[in-house]
Amino acid sequence: YDALFRRHNVDLVVSGHQHNYQRGTVQRNPQSADPADTITYAIVGGAGGELDLERVESWNMYNVTYLGHHFVSLEVDSRQLRWLAKNKAGSIIDQFNIVR
């Protein structure tokens with residue numbers, strides 16, 4: 001689906017197949033060096049149940065991997081999305097903003 005996401009200027013892709021947390025950012029256009037021209041991919045799958053500790057693939061694109069239980073909150077304000085991932089104790093494990 002990557003070509004579809006690039007063609008339609010998708011900024012954020014969230015999935016939950018694996019039971020862990022992974023987040024990575026790739027350039028939408030490989031020839032671009034613009035940090036705003038990116039797609040962020042996130043796996044959010046550790047809200048409960050058994051965690052995937054053995055099956056984590058890096059795909060050479062994930063900047064953050066967390067193998068514990070977690071949750072994510074999103075805040076949207078006008079042209080900005082704020083992403084905040086926390087572990088079950090409430091400590092921040094990852095955060096980022098997307099501004100359009």
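The preceding data block contains the structure.
Small disclaimer: the values here were computed from a predicted structure and weren't measured.

Cut-offs applied
- Residues numbered from 1 in each chain as written.
- Predicted model: local features only at pLDDT ≥ 70, side-chain atom pairs only at ≥ 80, totals over all residues.
- Heavy atoms only, no water.
- 1 Å grid on protein atoms, 1.4 Å probe; cavity = no way out; pocket = protein on both sides within 12 Å on 5 of 7 lines; lining within 4 Å.
- Points joined across faces, edges and corners; volume = space filled by probe spheres on them.
- Helix = DSSP H or I, 4+ residues; strand = E, 2+ residues; numbered from the N terminus.
- Phe/Tyr/Trp six-rings, centres within 6.5 Å; stacked < 30°, edge-to-face > 60°.
- Pairing = 2+ DSSP bridges.
- Core = buried A, V, L, I, M, F, W, Y, C linked by side-chain atoms within 4.5 Å.
- Buried < 20%, exposed > 50% of the residue type's maximum accessible area, 1.4 Å probe, protein only.
- Contact = heavy atoms within 4.5 Å.

A. Quick peek at the layout of surface pockets. Here the largest pocket is characterised by a volume of approximately 160 Å³. Lining the largest pocket, in full, are D11, T25, R28, P35, A36, T38, T40, F96, N97, I98, V99 and R100. Of all the secondary-structure elements, those providing two or more residues to the lining of the largest pocket are β3 (38–44) and β7 (92–99). The element contributing the most residues to the lining of the largest pocket is β7, with four residues.

B. Structural view of the packing of aromatic side chains. Scanning all chains against the criterion turns up three aromatic pairs. Measuring from centroid to centroid gives 6.2 Å for F5 and Y41, while their planes differ by 55°, and the two rings are tilted. In this pair, F5 is assigned in helix α1 (residues 2–7) and Y41 in strand β3, connecting sequence segments 36 residues apart. Three or more aromatic residues joined by ring pairs make a cluster, and in this case those are Y1, F5 and Y41.

C. How the structure looks around the pairing of strand β5 (residues 70–77). As paired strands, β5 and strand β6 (residues 80–87) are joined by eight bridges and run antiparallel to one another. Residue pairing for β6: D77 is matched across the bridge by Q80. Between β5 and β6, which pair antiparallel one after the other, the connecting turn spans two residues, and S78 there sits at a positive phi close to 60°.

D. Region of the structure containing the nonpolar core. Residues Y21, A42, V64, L81, W83, A85, F96 and I98 constitute the largest nonpolar core, which totals eight residues. Of all the secondary-structure elements, those providing two or more residues to this core are β6 and β7. By residue number, the principal contributor to this core is β6, which donates three residues. With residues up to four places along the chain from it excluded, the contact list for L81 reads L12, L74, E75, V76, F96, N97 and I98.

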